[in-house]
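Summary of the model geometry
Below, each chain spelled out in residue letters.
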Amino acid sequence: MKQKPRRDLPNTISLPLYEDIMLSHGDVAIDLLLQSADCVKILGVDGTLEHINCGGLRALELSHENDFLGKIWWEIWPERSRQFVQREFMEALSGTPRMFEAHCPTALGTPRRWSVNLKPLISRAGPVVSILCVSRDITEHGDTTIVAHIA
């Protein structure tokens, strides 16, 4: 992930698409984006997938991020889950963190169950500018129901 230095704030970088979100070097959020084995994504306010970390590429069995970027996030979910996932996204977009569990296969069709955490990223001016989405593979846990709750 490219990091753009800010001259007005020493030791601070910003996510390339979001000038108003400032994170310091060593910030836990930066470490998550760069090093997490979880699938860490940044979703635009329209639901478009704008960034995915390397751990996410591995978890989703994608060969390259371009196979995924630019797509509407809930459209990659199975048809039976799309409305539910879109509603959860819209709740996060309104400023409410969301968590849910649901099934979605990888790009290669491997069945997976995910624990998904949607966190609104809010600019200094106040509006939500994107959604941080962290998905963890919990397939080993085996439950087949879809569960949602406020984080």
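Residues numbered from 1 in each chain as written. Predicted model: local features only at pLDDT ≥ 70, side-chain atom pairs only at ≥ 80, totals over all residues. Heavy atoms only, no water.

Observations concerning the environment of Gly47
Just so we agree on the cut-off: Note on conventions: DSSP H or I runs of at least 4 residues are helices, E runs of at least 2 residues are strands, and numbering of each starts at the N terminus. We call a residue buried when its accessible area falls under 20% of the maximum for its residue type, exposed when it is over 50%, and partly exposed in between, using a 1.4 Å probe and counting protein chains only.
Mapped onto the elements of the fold, Gly47 is located in the loop between strand S4 (39-43) and strand S5 (49-52). For Gly47, a relative accessible area of 0% gives the class buried. For the pair Gly47 and Ile72, spaced 25 residues apart in sequence, the C-alpha to C-alpha distance is 5.2 Å.

Let's talk about unusual backbone geometry
One non-glycine residue, Glu61, lies in positive phi territory at about 55°. Its place among the elements puts Glu61 in the loop between helix H2 (54-59) and helix H3 (79-93). On the basis of relative accessibility, which here comes to 25%, the residue Glu61 falls in the partly exposed class.

Observations concerning the pairing of strand S8 (residues 128-137)
Here is the rule we go by: Strand pairing requires that DSSP identify at least two bridges connecting the strands.
The buried fraction of S8 is high, at seven of ten residues. Here five bridges tie S4 to S8, and the two strands are oriented antiparallel to one another. What sits directly across from Lys41, in S8, is Cys133. One ladder, built from nine bridges, connects strand S7 (residues 113-122) with S8; its direction is antiparallel. Paired with Pro120 across the strands is Ile131, a residue of S8. Turn length for the S7-S8 hairpin, with the two strands adjacent in sequence and antiparallel, is five residues, and the turn residue Gly126 shows positive phi of about 115°.

Focus on empty space enclosed by the protein
Stated formally: Think of a 1 Å grid over the protein atoms and nothing else: a 1.4 Å probe that fits but is trapped marks a cavity, an open set flanked by protein within 12 Å on at least five of seven lines marks a pocket, and residues with an atom within 4 Å of a point count as lining. Grid points are joined across faces, edges and corners, and a volume is the space filled by probe spheres set on the points. Amino acids are sorted into nonpolar (Ala, Val, Leu, Ile, Met, Phe, Trp, Tyr, Cys and Pro), charged (Asp, Glu, Lys and Arg) and polar (every other residue, Gly among them).
Following the criterion strictly, the structure yields one cavity of 30 Å³ or more and no others. One number sums up the size of the largest cavity: a volume of about 80 Å³. Along the walls of the largest cavity sit Cys39, Lys41, Leu60, Phe68, Trp73, Ile76, Trp77, Cys104, Trp114 and Ser135, which together make up its complete lining. In the lining of the largest cavity, the residues fall into eight nonpolar, one polar and one charged.

Observations regarding H3
Residue pairs spaced three or four apart in an α-helix point in one direction, given the helix's 3.6 residues per turn. The following threshold applies: Expected span of a helix, by definition, is 1.5 Å for each gap between consecutive residues, and there is one gap fewer than residues.
Under the 1.5 Å per step criterion, the end-to-end length of H3 is 21 Å for 15 residues, consistent within 8% with the ideal 21 Å. Gly95 sits one or two positions beyond H3 and adopts a positive phi of about 110°.

Considerations on the pairing of S7
The side chains of a regular strand alternate between the sheet's two faces. Taken across its ten residues, S7 has seven buried, putting it largely inside the fold. Summarising the sheet, strand S6 (residues 98-103) and S7 pair through six bridges and their orientation is antiparallel. Across the sheet, Glu101 pairs through a bridge with Ser115, a residue of S7.

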